[in-house]
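# Examination of the molecular architecture
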Amino acid sequence: MNEGKKILLVDDDLTLLEMYEDRLKAENYTIVRATNGEEALKLVREQKPSLVILDIMMPKVNGFDVLKNLRADKEFEKIPVILLTALIQDVDRAQGKKLGATDYIVKSETMPGEVIDKIKKALGDK
């Protein structure tokens, strides 16, 4: 069902990356990983993922800037982007929505199973 759907995971927390990679592979998604925003932008162009899971606080280029870049590019403006972040402020949530995030998930408030459900929903796999 999820075969052929590629998800780009972008986070500088390797433990978190590995955990989500394992969970999503178990759901038959193909996973591509990036540990900073610069790498994420390069991989979006090369891999053309079905969905991007994006941390906000990262080295080089932050998640908001990655999202801004994607939304400004006709080729990638429609890719669902889920912000998965430690930032809990309403101002950050509002910024994410304003920039066109599909969803905004606070790491400390959300169990991995719920994140997987939101990913499936964003991809229309529910």
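For the structure itself, look to the data block above.
Our subject in this report is the structure included herewith. Not measured: the values here are computed from a predicted model. Counting from 1, residues in each chain are numbered in the order their sequence is written. Local features in this predicted model are restricted to residues whose pLDDT is 70 or higher, and side-chain atom pairs enter the listing and the counts only when it is 80 or higher, whereas totals over whole chains, interfaces and linings include all residues. The basis for every side-chain value is the complete set of heavy atoms in the structure, and neither hydrogens nor water enter the calculation.

## Observations concerning the environment of Pro49
The criterion, for reference: Counting from the N terminus, the helices are the DSSP runs of H or I reaching at least four residues and the strands are the DSSP runs of E reaching at least two. Per-residue accessibility, obtained with a 1.4 Å probe over protein chains only, is compared with the maximum for each type, and a residue is labelled buried under 20%, exposed over 50%, and partly exposed between these values.
By secondary structure assignment, the location of Pro49 is in the loop between helix H2 (37–47) and strand S3 (51–54). Of the residues examined, Pro49 reaches a relative accessible area of 5% and is grouped as buried. Considering only alpha carbons, one finds Pro49 and Pro80, 31 residues apart in sequence, at a separation of 9.3 Å.

## Quick notes on the packing of helix H1 (residues 14–26) against helix H5 (residues 112–122)
We apply this condition: Convention adopted: a line fitted to C-alpha atoms gives each axis, helices being fitted over their contacting stretch, and angles between N-to-C directions are expressed from 0 to 180 degrees. Under this scheme an angle from 65 to 115 degrees is roughly perpendicular, one under 35 degrees roughly parallel, and one over 145 degrees roughly antiparallel; angles in between are oblique. Each helix crossing is assigned a hand: it is left-handed if the near helix lies turned anticlockwise from the far helix by less than a right angle, otherwise right-handed if that turn is clockwise. Here, residues are in contact when the closest pair of their heavy atoms is within 4.5 Å. Classification used: nonpolar for Ala, Val, Leu, Ile, Met, Phe, Trp, Tyr, Cys and Pro, charged for Asp, Glu, Lys and Arg, polar for all others including Gly.
Where H1 contacts H5, the two axes come as close as 11 Å, and the packing angle between them is 55 degrees. As far as their axial angle goes, H5 and H1 are oblique. In terms of crossing hand, the pair formed by H1 and H5 is right-handed. Counting all contacts with H1, which are made through Met19, Tyr20, Arg23 and Leu24, the residues of H5 involved are Pro112, Gly113, Val115, Ile116 and Ile119. A class-by-class count of the residues in the contact of H1 with H5 yields 7 nonpolar, 1 polar and 1 charged.

## Some words on the packing of H2 against helix H3 (residues 63–71)
Contact pair H2 / H3: the axes reach a minimum separation of 9 Å and the direction vectors enclose 25 degrees. With respect to their mutual orientation, H2 and H3 come out roughly parallel. Our pair here, H2 against H3, has a crossing hand that is right-handed. Every residue of H3 that contacts H2 at Gly37, Ala40, Leu41 and Val44 is listed here: Val66, Asn69 and Leu70. Looking at side-chain class alone, the contact of H2 with H3 contains 5 nonpolar, 2 polar and no charged residues.

## Some remarks on the pairing of strand S4 (residues 81–85)
How we decide: The pairing criterion for strands is at least two bridges between them, as found by DSSP. Handedness of a crossover is defined as follows: orient the strands so they point away from the viewer, and if the path from the first strand over the helix to the second runs clockwise, the crossover is right-handed.
Along S4, 5 of the 5 residues are buried, which leaves the element largely enclosed by surrounding structure. Of the two faces of S4, the one carrying Val81, Leu83 and Thr85 and the one carrying Ile82 and Leu84 are both buried. Strand direction decides the pairing type here: S3 and S4, joined by 3 bridges, are parallel. Of the residues in S4, the one forming a bridge with Val52 is Val81. Pairing geometry for S4 and strand S5 (residues 103–106), over 4 bridges, is parallel. Residue pairing across strands places Ile82 opposite Asp103, the latter belonging to S5. Viewed along the sheet, the connection from S4 through helix H4 (residues 90–98) into S5 turns out right-handed.

## Here's the deal with the nonpolar core
Under the convention used in this document: Buried Ala, Val, Leu, Ile, Met, Phe, Trp, Tyr and Cys residues that are joined via side-chain atoms within 4.5 Å together make up what is termed a nonpolar core.
Counting residues in each nonpolar core, the largest one holds 26 residues, and the members touching the most others are Leu8, Val10, Val52, Leu54, Leu70 and Leu83. Only strand S1 (6–10), strand S2 (30–34), H2, S3, H3, S4 and S5 provide two or more residues apiece to this core. Those residues in contact with Leu54, other than ones at most four positions away along the chain, are Val10, Gly63, Val66, Leu67, Val81, Ile82, Leu83 and Leu84. Core analysis: the second largest hydrophobic core is formed by 17 residues, Leu16, Tyr20, Tyr29 and Leu123 among them.

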